Amino acid sequence: MDPSLTALIVAVVGVAGTLVSGVMAHRGALRAKTVELDRAERLRREELLADERREALGARRAVYAVFNQRLRQFHSVLSKDYLALASGQARPQQGQEREEPRRVLRDVYAEAQMVISDDVLSVAGGVVHQLHRIHALLGRHEQGTAGDEPLDDVGERLERASEGLYEVRQVMRRDLGVSVLPVSRPDGYGAV
């Protein structure tokens with residue numbers, strides 16, 4: 001082979017290699033940049049989801065706190081009115097005084113229904129229904145139209161509602177991830 005032809009072939013291969021290596025380096029840099037951008041986008045999405053989860057948890061925590069407070073307040077008012085009625089010390093305006101806590105609970109429950117989990121909603125709905133039923137029964141007893149439902153049954157309903165309050169609180173605490181206590185009230189819990 002002629003030395004000039006060999007030099008030409010070596011030059012062509014050298015130029016081609018130089019050109020191909022530049023293209024390959026550019027493609028490698030583009031690939032690395034794409035991987036880096038994809039990773040940054042994935043991290044941004046993960047951070048956004050984590051922020052949304054924290055905000056949702058904070059919103060649920062705030063709603064749970066108010067909802068728990070209003071449930072207990074309404075139960076307390078119902079218990080106080082039941083005890084006054086059972087001891088013969090009921091006042092004529094008692095039923096009207098129960099309306100404000102009942103209305104507040106209704107409004108808080110309506111708001112809570114939009115953010116609480118299904119587990120909490122099913123337990124809470126039962127307790128809210130129990131409390132409203134007790135409210136209606138107390139009203140009938142105060143008006144003397146209770147029919148065949150004895151006043152002692154209202155007391156038993158209040159006790160079951162008290163158990164329900166514990167259950168609602170525990171389900172809410174579990175939903176927030178702050179409790180592993182049993183959902184049902186242990187025997188003797190709160191006993192003096």
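Residues numbered from 1 in each chain as written. Predicted model: local features only at pLDDT ≥ 70, side-chain atom pairs only at ≥ 80, totals over all residues. Heavy atoms only, no water.

Asks: I'd like to hear about the nonpolar core, residue by residue, with values.
Replies: In this structure, Phe-67, Leu-71, Leu-131, Val-154 and Val-168 are the most contacted members of the largest nonpolar core, which totals 32 residues. Residue assignment for this core shows that the elements contributing at least two residues are helix H1 (3-86), helix H2 (94-112), helix H3 (118-143) and helix H4 (151-176). Apart from residues lying up to four places away in sequence, Leu-131 is in contact with Leu-71, Phe-74, His-75, Leu-78, Leu-105 and Ala-161. (Core = buried A, V, L, I, M, F, W, Y, C linked by side-chain atoms within 4.5 Å. Buried < 20%, exposed > 50% of the residue type's maximum accessible area, 1.4 Å probe, protein only. Helix = DSSP H or I, 4+ residues; strand = E, 2+ residues; numbered from the N terminus. Contact = heavy atoms within 4.5 Å.)

Asks: Account for the packing of aromatic side chains, with residues named and values stated.
Replies: Using the criterion set out here, one finds one aromatic pair in the structure. Considering the side-chain rings of Phe-67 and Tyr-109, the 5.6 Å spacing of their centres and the 20 degrees angle between planes classify their relative orientation as stacked. Note that Phe-67 is positioned in helix H1 and Tyr-109 in helix H2, a separation of 42 residues in sequence. Take Phe-67 and Tyr-109: they sit in the same class, and that class is buried. (Phe/Tyr/Trp six-rings, centres within 6.5 Å; stacked < 30°, edge-to-face > 60°.)

Asks: Let's hear about the pattern of salt bridges: which residues, and what values?
Replies: In the structure shown here, the tally under the stated rule is 13 salt bridges. The salt bridge partner of Arg-103 is Asp-107, with a shortest N-O separation of 2.9 Å. Taken as a pair, Arg-103 and Asp-107 lie in helix H2 at a separation of four residues, close to a single helical turn. Since its relative accessible area comes to 33%, Arg-103 is described here as partly exposed. The partner of Asp-107 in a salt bridge is Arg-106, with the nearest N and O atoms 3.3 Å apart. (Salt bridge = Lys/Arg side-chain N within 4 Å of Asp/Glu carboxyl O.)

Asks: Can you tell me about the environment of Ser-79, naming the residues and giving the values?
Replies: Within the fold, Ser-79 resides in helix H1. Residue classification places Ser-79 among the buried positions, given a relative accessible area of 18%.

Asks: Hey, could you go over a nonpolar patch on the surface for me, with residue numbers and the actual values?
Replies: Taken together, the side chains of Leu-5, Leu-8, Ile-9, Val-12 and Val-13 define a hydrophobic patch exposed on the protein surface, amounting to about 440 Å² of accessible area. Along the polypeptide, Leu-8 turns up in helix H1. Residue Leu-8 is classed as exposed on the basis of its relative accessible area of 52%. (Patch = residues over 30% accessible without salt bridge, like charges linked within 9 Å, V, L, I, M, F, W, Y side chains within 5 Å. Areas by Shrake-Rupley, 256 points an atom, 1.4 Å probe, with all protein chains shown as cover.)

Asks: Before we move on, could you go through the packing of H3 against H4 and cite the residues and values that matter?
Replies: H4 packs onto H3 with a crossing angle of 155 degrees between their chain directions and a minimal axis gap of 9 Å. The orientation of H3 with respect to H4, classified from their angle, is roughly antiparallel. As H3 runs across H4, the sense of the crossing is left-handed. Taken together, the residues that form the contact of H3 with H4 break down as 16 nonpolar, three polar and six charged. (Axes fitted to C-alpha atoms, helices over the stretch in contact; angles between N-to-C directions. Parallel < 35°, antiparallel > 145°, perpendicular 65-115°, else oblique. Left-handed = near helix turned anticlockwise from the far one by under 90°. Nonpolar A, V, L, I, M, F, W, Y, C, P; charged D, E, K, R; others polar.)

Asks: Run through the packing of H2 against H3, naming residues and quoting values.
Replies: Axis separation between H2 and H3 bottoms out at 11 Å; the angle between their running directions is 165 degrees. Here H2 is positioned roughly antiparallel relative to H3, judged by the angle of their axes. Note that H2 runs across H3; the crossing there is left-handed. Between H2, through Gln-94, Gly-95, Arg-98, Glu-99, Arg-102, Leu-105 and Tyr-109, and H3, the contact on the second element is made entirely by Leu-121, Ala-124, Gly-125, Val-128, Leu-131, His-132, His-135, Leu-138, Gly-139 and Glu-142. Residue composition of the contact of H2 with H3, grouped by class: seven nonpolar, six polar and four charged.

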